[in-house]
Amino acid sequence: MIKIDNFSLKRGSFCLSNINFNIEDGQSIAILGETGSGKTMLLESIAGIYRGNSGCIYVNGKDVSSISSNKRGIGFVYQDYCLFNHMSVRENIGFGLKVKKMDKSLIDMKVNEIAKQFHISNILDKNPSVISGGEKQRTALCRSLIINPRVLLLDEPFSAMDPNTKQILIDAIIDYKKKYNGIIILVTHDFKEAIKLADTIHVLVKGKLKATKTPSTLFMASENYEVNTFLQCNTRG
Amino acid sequence: MRDSKYPLEKFEILSFLITSLVFLFFLTIISFIVVGGFSSISKVFFSKEIRFSIGLSLLTATISTLIAIVIAIFISFYLEKVKFIKSPIISTIIELPLSLPYLVIGLSLLLIFSSPLGKTLRNMGIPVIFSPIGIVVAQLTVNLPYAIKLIRSELTKLDSRLEFTASILGANRTQTFFAITLPQIRVSIIIAFALCWQRAIGEFGATLMLVGITAMKTETLPGAIYLNIATGDTDMALAAALIMLFFCLVTLLITTILQKKIKVKSRYD
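These numbers come from a predicted model, not from an experiment. (Residues numbered from 1 in each chain as written. Chains lettered and ligands numbered in written order. Predicted model: local features only at pLDDT ≥ 70, side-chain atom pairs only at ≥ 80, totals over all residues.)

Undergrad: When you look at the overall build of chain B in this model, what are you seeing that I'm missing?
TA: Each helix and strand counted, chain B has 13 helices and zero strands in total. The secondary structure elements of chain B, listed N-terminal to C-terminal, are α-α-α-α-α-α-α-α-α-α-α-α-α. Reported as C-alpha extents along the three principal axes, the dimensions of chain B are approximately 70 × 65 × 30 Å. A buried classification covers 33% of the 269 residues belonging to chain B. Pairs at least 24 residues apart make up 80% of the contacts formed inside chain B by residues separated by at least 6 positions. (Helix = DSSP H or I, 4+ residues; strand = E, 2+ residues; numbered from the N terminus. Buried ≥ 20, exposed ≤ 12 C-beta atoms within 10 Å, placed from the backbone. Contact = placed C-beta atoms within 7 Å.)

Structural data, given as structure tokens:
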């Protein structure tokens, strides 16, 4: 279970204010919001990159607010992959296991296994700079999933992706959720993705959570004017 | 880039003229060294003194640059990534020697190593003043701020999210530094090494103040040029200058190739 309790963070002139939500194991949420609404900053805070000014983040009942990102057991996939270009695809995927000093043969075995599941076995020895966008995103997802994270954070992972690749990734994420009873937090602009993947949808406006909805009630009018404007604009788009 | 089919504008013609004048001026400087140096280059190989100065310059420049780069990596990492004491004074003081005349740096070094500290070091078997160790110290002091500036600018350009990603995947700060940060800026470190080495080979002011120029002891290549001019042996001075020019040319070629490599890499990343 993950609980965000009254979390606030100020960076420069931008502020995430009083964020509150809970996610049970095996659940997924989507955070919708305009560009600059603080979605990525919220994800990065949950991952431990930024330490909040106030409030707490609990993972399985334990306050992880003061625990560094390398000890939180969280997986993170950025929109533009953030692959290590000085390493091969195989080394990228196995990185999280290598830093835990796992035996090399075991790392190879696990990398081969997950690569097969994501249909990227043929590119394992290539450099990330020569593979396609879809392959890059699958590599980034494999790299995050191989460490069996308790929480998977996805920062607009499907943008600019062809429908086939998108479906492969969505299936893999749903599979992860079922198999490991994992928690997924998805940040997206795409309402269809949010509806497909999330059990709960939060709308973030200017650093504040303004509405909490379910896929079936997403387009129902909200009490908040800014939320309604955002939803209407995107429905029209 | 402009299309060559369009007529040139006045500003473009002016920039071309200025470039041509400066090009000719520099070409003249280089030509004097090349033409003058070539006629007496064979003398260099028979001169024990010049051969010594080449060897001393190569050795001291390599040692001082290696030390400068290692220290600069740590300082740049602190200034860009750690900064638990956030003060602009720290980086200002560290980079200030860049804008100081090297003679002033040399004078300050001379005073430091003439103090009881210098005497203690001498008693410990580490003489700095009037010794080759002093050459390394002078080159290091002059080059360190430059190396820090070069490496810091690369660290600033590095996408922090790569380090975040490594950290989220379980890497601690040391693992992240050696597995991600350092490999990401490795080509720039090699470029910084080449540029600092080139500067160390040509360092004269601070070295002159700290160790003087003693033949077969503290005579570096720039020192050899100075001594030969002072004694009226212009041919030998030009030959030594030609060797320095050769070193600079090789370093410039290496850095240009590496910089092109970085550009190509970033285009495909």
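Undergrad: Is there a simple way to explain the sheet that holds strand β3 (residues 28–33) of chain A in this structure?
TA: In any sheet, the strands associate via hydrogen bonds between backbone groups, in a parallel or an antiparallel arrangement. All names here are of chain A. Ordered in space as β6-β7-β8-β3-β9-β10, the six strands form an open sheet in which the pairing is mixed. Unpaired on one side and paired on the other, β6 (74–77) and β10 (208–213) mark the two borders of the sheet. Neighbour-to-neighbour, the strand axes of this sheet turn through a mean angle of 20°, independent of strand direction. Bridge analysis of β6 against strand β7 (residues 151–155) gives four bridges, and the strand direction is parallel. Within β7, the residue paired with F76 across the bridge is L153. (Pairing = 2+ DSSP bridges. Axes fitted to C-alpha atoms, helices over the stretch in contact; angles between N-to-C directions.)

Undergrad: What is the right way to read the interface of chain A and chain B from this model?
TA: A common way to report how large an interface is uses the accessible area buried once the components associate. On the side of chain B, 17 residues touch chain A, which itself brings 18 residues to the contact. For the side of chain A that touches chain B, the class distribution of residues is ten nonpolar, six polar and two charged. (Nonpolar A, V, L, I, M, F, W, Y, C, P; charged D, E, K, R; others polar.)

Undergrad: Can you help me understand the nonpolar core in this one?
TA: For soluble globular proteins, the rule of thumb is that nonpolar side chains tend to be buried together. A30(A), L153(A), I185(A) and L186(A) are the most contacted members of the largest nonpolar core, which has 70 residues in total. Sort the elements by how many residues they give to this core and strand β8 (residues 183–188) of chain A lands first, with five residues. Two domains each put at least three residues into this core: domain 1 (2–73 + 149–236) and domain 2 (85–148) of chain A. In this structure A30(A) touches L186(A), T188(A), A194(A), L197(A), A198(A) and I201(A), once residues within four positions along its chain are discounted. Grouped together as the second largest cluster of nonpolar side chains are 49 residues, A72(B), V137(B), W197(B) and A240(B) included. (Core = buried A, V, L, I, M, F, W, Y, C linked by C-beta atoms within 7 Å. Domains from an automatic or database assignment.)

Undergrad: Before we go on, may I ask you to explain unusual backbone geometry in this structure?
TA: All names here are of chain A. The phi dihedral of N60 is positive, around 50°, even though this residue is not glycine. N60 sits in the partly exposed class, given 13 other C-beta atoms within 10 Å. Residues other than glycine seldom take positive phi values, yet H119 does so here, at roughly 60°. What makes H119 partly exposed here is the crowd of 14 C-beta atoms within 10 Å.

Undergrad: Would you take a moment to explain the packing of helix α8 (residues 160–168) of chain B against helix α9 (residues 173–184) of chain B for this structure?
TA: Helices that pack against each other are described as a pair by the angle of their axes relative to one another and the distance between those axes. Residue and element names in this part refer to chain B. Between α8 and α9, the least distance of the axes is 10 Å, while the angle of their chain directions is 160°. In terms of orientation, α8 and α9 fall into the roughly antiparallel class. Considering how the two elements wind past one another, α8 and α9 form a crossing that is right-handed. Every residue of α9 that contacts α8 at L162, E163, A166 and S167 is listed here: T176, A179, I180, T181 and Q184. Residue classes in the contact of α8 with α9 are distributed as four nonpolar, four polar and one charged. (Parallel < 35°, antiparallel > 145°, perpendicular 65-115°, else oblique. Left-handed = near helix turned anticlockwise from the far one by under 90°.)

Undergrad: It is not clear to me how the environment of M236(B) should be interpreted in this structure. Could you clarify?
TA: Residues and elements named next belong to chain B. Tracing the backbone through its elements, the reader meets M236 in helix α13 (residues 234–268). In this structure the C-alpha to C-alpha distance between M236 and S47, which are 189 residues apart in sequence, comes to 9.1 Å. The residues touching M236, leaving out its near neighbours within four places in the chain, are S40, K43, S47, I50 and N228.

Undergrad: Sorry, what's going on with the pairing of strand β2 (residues 14–23) of chain A here?
TA: Side chains on a regular strand alternate between the two faces of the sheet. Residue and element names in this part refer to chain A. In this sheet, β2 lies alongside strand β1 (residues 2–11) in antiparallel orientation, the contact comprising seven bridges. Across the sheet, the residue bridging to F7 is I19, located in β2. Counting the residues in the hairpin turn of β1 and β2 gives two residues, including G12, whose phi is positive at 65°.

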